[in-house]
Amino acid sequence: DIQMTQSPASLSASLEEIVTITCQASQDIGNYLSWYQQKLGKSPQLLIHSATSLADGVPSRFSGSRSGTQYSLKINRLQVEDTGIYYCLQHYSAPTFGSGTKLEIK
Amino acid sequence: EVQLVESGGGLVQPGRSLKLSCAASGFTFSNYYMAWVRQAPKKGLEWVATISTSGSRTYYPDSVKGRFTISRDNAKSSLYLQMNSLKSEDTATYYCARRDWDGSFDYWGQGVMVTVSS
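Residues numbered from 1 in each chain as written. Chains lettered and ligands numbered in written order. Predicted model: local features only at pLDDT ≥ 70, side-chain atom pairs only at ≥ 80, totals over all residues. Heavy atoms only, no water.

Here we look at the overall build of chain B
The line we're drawing: Strands here are runs of E lasting at least two residues and helices are runs of H or I lasting at least four, both read from the DSSP assignment and numbered beginning at the N terminus. For this measure, only C-alpha atoms enter the radius of gyration; the expected value for a globule follows 2.2 Å times N^0.38, where N is the number of residues. Think of it in three bands: residues with accessible area under 20% of the maximum for their type are buried, residues over 50% are exposed, and the middle band is partly exposed, with areas taken using a 1.4 Å probe on protein chains only. Contact between two residues is taken to exist if any of their heavy atoms lie within 4.5 Å; hydrogens are not considered. Under the convention used here, a 1.4 Å probe and the Shrake-Rupley method define accessible areas, while residue burial counts only the protein chains that appear. Charge assignment: positive for Lys and Arg, negative for Asp and Glu; neither His nor the chain ends contribute. By convention, the point assigned to a charge is CZ for Arg, NZ for Lys, CD for Glu and CG for Asp.
Check the secondary structure of chain B and you find zero helices and 11 strands. When the elements of chain B are put in sequence order from the N terminus, they spell out β-β-β-β-β-β-β-β-β-β-β. For a compact globule of 118 residues, the expected C-alpha radius of gyration is about 13 Å, and chain B comes in at 13 Å, within 12% of that figure. The principal-axis extents of the C-alpha atoms in chain B amount to approximately 40 × 25 × 25 Å. Taking all 118 residues of chain B together, 49% fall into the buried category. Excluding contacts between residues fewer than 6 apart, the proportion of contacts in chain B whose partners are at least 24 apart in sequence is 53%. If you sum the accessible surface of chain B, you get close to 5,500 Å²; carbon and sulfur atoms cover 45% of it. Of note, chain B has its 13 positive side-chain charges centred 6 Å away from the centre of its 10 negative side-chain charges.

Thoughts on the pairing of strand S11 (residues 112-116) of chain B
Regular strands place their side chains on alternate faces of the sheet. Residues and elements named next belong to chain B. The criterion, for reference: What makes two strands pair is DSSP finding at least two bridges between them.
Alternating residues of S11 divide into Val112, Val114 and Val116, all buried, and Met113 and Thr115, none buried. Here strand S2 (residues 10-12) pairs with S11 via three bridges, running parallel. Looking at S11, one finds that Leu11 is bridged to Thr115.

Comments concerning the sheet that holds strand S1 (residues 4-7) of chain A
All names here are of chain A. Applicable threshold: Axis definition: a line fitted to C-alpha atoms, limited for helices to the stretch in contact. Angles are taken between N-to-C directions and run from 0 to 180 degrees.
One open sheet holds the four strands; their spatial order is S1-S3-S8-S7, and the pairing between them is antiparallel. Every other strand in the sheet has two partners, leaving S1 and strand S7 (62-67) as the edge strands with one partner each. Sheet twist, expressed as the average angle between the axes of neighbouring strands with direction ignored, equals 20°. In the sheet, S7 pairs with strand S8 (residues 70-75) via six bridges, with the strands oriented antiparallel. By the bridge assignment for S8, Ser63 is matched with Lys74.

Focus on the state of the cysteines
Using the following cut-off: By disulfide we mean two sulfur atoms from cysteines, separated by a distance within 2.5 Å.
Under the counting rule described, the total for this entry stands at two disulfides over all chains. Between the sulfur atoms of A:Cys23 and its disulfide mate A:Cys88 the distance is 1.9 Å. Between A:Cys23 and A:Cys88, the disulfide has an S-S torsion of -90° and is therefore left-handed. Of this pair, A:Cys23 sits in strand S3 (residues 19-25) while A:Cys88 sits in strand S9 (residues 84-90), placing them 65 residues apart in sequence. A:Cys88 matches A:Cys23 in its accessibility class, with the two residues each being buried. At a sulfur-sulfur separation of 2.1 Å, the disulfide partner of B:Cys22 is B:Cys96. For the disulfide bridge between B:Cys22 and B:Cys96, the dihedral angle about the S-S bond is near -65°, and by the sign convention the bridge is left-handed. On the criterion of sequence distance, the pair formed by B:Cys22 in strand S3 (residues 18-25) and B:Cys96 in strand S9 (residues 92-99) is long-range, its members being 74 residues apart. Taken as a pair, B:Cys22 and B:Cys96 share a single burial class, namely buried.

This is the structure:
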């Protein structure tokens, strides 16, 4: 199985700050990587698909990038509503999620 | 508007069975692979099953293989998850999700809680 190592586990940042969350794949997964946001008590929502493509309706302050087998989610100009838990997912083979990053606003 | 609405959750004893349903609307159900994803209390997300458009191909992780069966009825735009030989570690919120062309899960239901306990 492909393992996704996600970091950091938690993150506290200020409004308008830039934050980055990363996922390291245990092997090549190409661009078969997506990012999800889960707000408290809600179902996950797709943010980024195909590693770098913004999902419909997602604010442009979210972006995804790839460098080899390392994938990053960047949030520019952090807003209060960005609080939640973020997960990466590889779907190159049997889907596996990262362990999640809890993002809080200072 | 795409909607996925799960039902069928509840409290069940270990070793017993339960069947979840997911009613889909707002898109052509038969054109999409569908999946189930679960989340144990205060834990992360875990993929549980995927089914092809026709239902002829199904996929499971080892943790549920042989115990869970995913199925679909395209005429009814419905997805199902038959869960047998349930264990306490199956306690979770179960989400129905639509799989997009690249394999991402682009729409999710609100989730249904399953508690396995005596």
